[in-house]
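Take a look at the letters that make up each chain.
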Amino acid sequence: MSKKIFTLLVLLMSLSLIGIIFVQAYFINDSVKNEKERFKFKVQRALSYVSNTLEETEIAEYYDRYQSLPKEDKTDSVAVSQLLIYQQNNSTKETLIYRSNVLEENYKLSSSLFDIGLDSLTIQNIIGSSSAEVYSNIELSDKDINQSPVTKIITSGIVEDAQRLSFEKSFKEIRKKTPIHKRVSKKELDKLLTEALKRDEIDIDFEYAIYSNDLATKVQSENFEFDKASTYKVPVLYDENNQSPYKLLVNFPNDRSFILSTIIGMILLSIVFTSIIVVAYTSALYQLIKQRKISEIKTDFINNMTHEFKTPIATINLALDAIRNPAIIDDKDKVKRYLSMIKEENKRMHAQVENVLRISKLEKNELNISKERVKLHDLVEDAITHVELIVEDRQGYIKPFLNASKTSVLANETHFTNVIVNILDNAIKYSPNAPEIEVYTENIGNNVLLKITDHGSGMSKTAVKHVFEKFYRESTGNIHNVKGHGLGLAYVKRIVDDHQGYVSVESEKGKGSTFTIKLPLIS
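Residues numbered from 1 in each chain as written. Predicted model: local features only at pLDDT ≥ 70, side-chain atom pairs only at ≥ 80, totals over all residues. Heavy atoms only, no water.

### Describing empty space enclosed by the protein
Using the following cut-off: Grid spacing is 1 Å over the protein atoms alone, the probe is 1.4 Å, and a cavity is where that probe fits but cannot get out, while a pocket is an open set with protein on both sides within 12 Å along at least five of seven lines and lining residues have an atom within 4 Å of a point. Grid points are joined across faces, edges and corners, and a volume is the space filled by probe spheres set on the points. Elements are defined by DSSP. Helices are runs of H or I of four residues or more, strands are runs of E of two residues or more, and each kind is numbered from the N terminus. Under the scheme applied, nonpolar residues are Ala, Val, Leu, Ile, Met, Phe, Trp, Tyr, Cys and Pro; charged residues are Asp, Glu, Lys and Arg; polar residues are all the others, including Gly.
Under the criterion given, the structure shown has one cavity of 30 Å³ or more. In this structure, the largest cavity occupies an estimated 40 Å³ of space. Considering the residues around the largest cavity, the lining is formed by Glu55, Glu58, Ile59, Phe171, Lys172, Arg175, Arg183, Leu237 and Tyr238. Secondary-structure elements contributing two or more residues to the lining of the largest cavity are helix H1 (3-67) and helix H2 (160-175). Looking at the lining of the largest cavity, its residues break down into four nonpolar, no polar and five charged.

Take a look at the structure:
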């Protein structure tokens, strides 16, 4: 897969994931808004019910008192209105006479009867009567009023709706002068609100108050605090003009938690599944990038390995061709020289193959690493002897500063010597000038530290992070200014880890590197 297609696929997948997250976030936000609106609607409905109930209860109580008053109360005035309709049917020779009378009796009642103040209360007692008479075979012009009708229907009685409306209007006009705390009790209001809210499935704590012209009254709960943004309100106890200075206010300290609790299950599921998608996508993307990187590193490794094998193979072929030459085959010195070259190049290829096999066995846990008590200083001195000729050939030096007083560790002599050799070999290879290397040891607590410092080309911060990874090389591609295949330091880390030790590196580009190995001491 080309880099452009890979980048495009990653970009499209990332955009899709971001889109899914935004859709989920929008859906959750929209659900919360809908729940808030539902909650607001239910609260307003409950408050309207309480407002109507307070008004109807108050009027009903005093109207019942009014109806139970004795009939002997004086009437201030009487008004009578009458409606008379004549209608004649020529086909049947019948005449219909319809009469309707309304009697309005105005009472002035003392407001003390209702315990609502000093003003009198004017009430209209409205009585209505009606009759329908049917006469036959007469003309309207010569109708005898005393003639008996064929049919006569008479109805009369109190007009209750009109009377009640008259009472309500007068009552409200007087009652609005009474302080609100004498009209509504906190106990009654609390009970009504609790019942109304529970009926709408709102079973949480609430605080309430009645305000008059935006000022607090005595009717309020102990912990009520007015907050314009979170307080619900509705007018209560209207006057005769259908207006009211009073507002019933209610707020809920835990309304946010209650609203979220109704959709918390859906929100949690959405978050869980979205998180799973994000984790799965991130892991898949990480693996893709890692595999692509490994593929590139392996390609580099194969290229470098091929180049490194080409050189010794070519050298061996040239040496063999030279030995076959009749002019050289009798020259024992030259033959020995070419044979020595063949042997050295063969060793070089063998060492590279061994490195690959070692890593492969470590990956499969097939490498047998037996440990015994050894002195770290002995291993260091042995490793230095392996590379000192190369260092001297390049006119450099290795200076040991073995200051640790205790150096007994449990280690495999062969493998740990290889570890130190690999680090020293790296220090030599990555020193563009004459290698200058210092080796330090010291005791820290129950551990011994081995530090190998060079003054070579150093590494970038990115290289420091990946330097112990298999196949990793800072210079990728078919670049061979420094020979290697990215296996030496991976081997170092694996062996040190197997010895319950710790290896780290500090480096700065152009100033060199310091590798530190920490191993536990044994008594």
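Still to come is the rest of the account.
### Examining the environment of lysine 399
Threshold: Exposed residues in this analysis have more than 50% of their type's maximum accessible area, buried residues have under 20%, and partly exposed residues fall in between, with area computed by a 1.4 Å probe over protein chains only. Whether two residues touch is decided by their heavy atoms; if any such pair falls within 4.5 Å, the residues are in contact.
Topologically, lysine 399 is positioned in strand S10 (residues 397-402). The exposure class of lysine 399 is partly exposed, given its relative accessible area of 41%. Taking the C-alpha atoms as reference points, lysine 399 and glutamate 438, separated by 39 residues in sequence, lie 4.8 Å from one another. Excluding anything up to four places from it in sequence, lysine 399 contacts Ile437, Glu438 and Val439.

### Things to note about the nonpolar core
The line we're drawing: To qualify as a nonpolar core, a set must consist of buried Ala, Val, Leu, Ile, Met, Phe, Trp, Tyr and Cys residues joined through side-chain atoms within 4.5 Å.
Counting residues in each nonpolar core, the largest one holds 40 residues, and the members touching the most others are Phe416, Val419, Ile420, Leu424, Ile437, Val439 and Ile517. If one sorts the elements of this core by residue count, helix H9 (residues 413-429) sits on top with eight residues. Ignoring anything within four residues of it in the chain, the contact list for isoleucine 437 reads Tyr397, Ile398, Lys399, Leu424, Ala427, Ile428, Ile452, Thr453 and Asp454. Val43, Leu47, Phe206 and Phe252 belong to the second-largest nonpolar core, a separate cluster that totals 29 residues.

### A few points about the confidence of the model for the protein
We apply this condition: On a scale of 0 to 100, pLDDT captures the predictor's confidence in every residue.
On average, residues of the protein score 78 in pLDDT, and 75% of them are at 70 or above. Looking over the protein, one finds the lowest element-wise mean pLDDT in strand S4 (residues 151-158), namely 54, and the highest in strand S13 (residues 447-454), namely 94. When the criterion is pLDDT under 50, residues 476-482 qualifies, and its contacts beyond four places in sequence or with other chains add up to 13 contacts.

### Observations concerning the sheet that holds strand S15 (residues 512-520)
In plain terms, the rule: Here, any two strands with at least 2 DSSP bridges between them count as paired. Axis geometry follows a simple rule: fit a line to the C-alpha atoms, using only the stretch in contact for helices, then measure angles between N-to-C directions, giving values from 0 to 180 degrees.
If you trace the five strands from one edge of the open sheet to the other, you get S10-S12-S13-S15-S14, paired in mixed fashion. The sheet terminates laterally at S10 and strand S14 (502-508), the two strands that pair on one side only. On average, each strand axis in the sheet is tilted by 15° relative to the strand beside it, whichever way the strands run. Sheet topology places strand S12 (residues 436-444) next to S13; eight bridges connect them, and they run antiparallel. Residue glutamate 442 lies in a different strand from S13, and its bridge partner there is leucine 449.

### A word on the sheet that holds strand S8 (residues 246-251)
Read across the open sheet, the four strands follow the order S6-S5-S8-S7; overall the sheet is antiparallel. Looking at which strands have only one partner, the edges of the open sheet turn out to be strand S6 (215-220) and strand S7 (231-235). On average, each strand axis in the sheet is inclined to that of its neighbour by 30°, with strand direction left out of account. Note: strand S5 (residues 207-212) against S6, three bridges, orientation antiparallel. By the bridge assignment for S6, tyrosine 211 is matched with alanine 216.

### Notes on the pattern of salt bridges
The cut-off we apply is this: Whenever a carboxyl oxygen of Asp or Glu lies within 4 Å of a side-chain nitrogen of Lys or Arg, that contact is scored as a salt bridge.
What the rule picks out here adds up to 10 salt bridges. The salt bridge involving arginine 45 is made with aspartate 200; its shortest N-O contact spans 2.3 Å. In this pair, arginine 45 is assigned in helix H1 and aspartate 200 in the loop between helix H4 (186-199) and S5, connecting sequence segments 155 residues apart. When its relative accessible area of 41% is taken as the criterion, arginine 45 is described as partly exposed. Judged by its relative accessible area of 11%, aspartate 200 is buried. Of the charged contacts in the structure, one is a salt bridge between aspartate 321 and arginine 324, with a shortest N-O distance of 2.8 Å. On the criterion of helical spacing, the pair formed by aspartate 321 and arginine 324 is a turn pair, its members being three residues apart in helix H5 (residues 255-324). What makes aspartate 321 partly exposed here is its relative accessible area of 45%.

### Thoughts on a nonpolar patch on the surface
Stated precisely, the cut-off is as follows: Residues qualify for a patch when their relative accessible area is over 30% and they have no salt bridge, like charges being joined within 9 Å and the nonpolar side chains of Val, Leu, Ile, Met, Phe, Trp and Tyr within 5 Å. Per-residue and other accessible areas follow the Shrake-Rupley method at a 1.4 Å probe size, with only the shown protein chains counted as cover for residues.
Nonpolar side chains collect at one region of the surface, where Leu8, Leu11, Leu12, Leu15, Ile18 and Phe22 lie side by side and expose about 610 Å² of accessible area between them. Mapped onto the elements of the fold, isoleucine 18 is located in helix H1. Judged by relative accessible area, isoleucine 18 falls into the partly exposed class, the value being 43%.

### Topic: the packing of aromatic side chains
Formally: Aromatic pairs are defined between Phe, Tyr and Trp rings, using the six-membered ring for Trp, whenever the two ring centres lie within 6.5 Å; interplanar angles under 30 degrees are classed as stacked, those over 60 as edge-to-face, and all others as tilted. Geometrically, a lysine NZ or arginine CZ counts as sitting over a ring once it is within 6 Å of the ring centre and also within 35 degrees of the ring normal.
Under the counting rule described, the total for this entry stands at nine aromatic pairs. An angle of 70° between the planes, with centres 5.2 Å apart, marks the rings of phenylalanine 39 and phenylalanine 252 as edge-to-face. Here the residue phenylalanine 39 occupies a position in helix H1, and phenylalanine 252 occupies one in the loop between S8 and H5, the gap between them amounting to 213 residues. Like phenylalanine 252, phenylalanine 39 is buried. With 6.1 Å between their ring centres and 65° between their planes, tyrosine 211 and phenylalanine 224 make a pair best called edge-to-face. You can see tyrosine 211 sitting in strand S5 and its partner phenylalanine 224 sitting in the loop between S6 and S7, a full 13 residues away along the chain. Judged on exposure class, the residue tyrosine 211 and its partner phenylalanine 224 are both buried. Members of the aromatic cluster, connected to one another through ring pairs, are Phe39, Tyr232, Phe252 and Phe258. Cation over ring: arginine 199 sits above tyrosine 49, and NZ or CZ is 4.4 Å from the ring centre. Over the ring of tyrosine 397 we find lysine 399, and its NZ or CZ is 4.6 Å from the ring centre.

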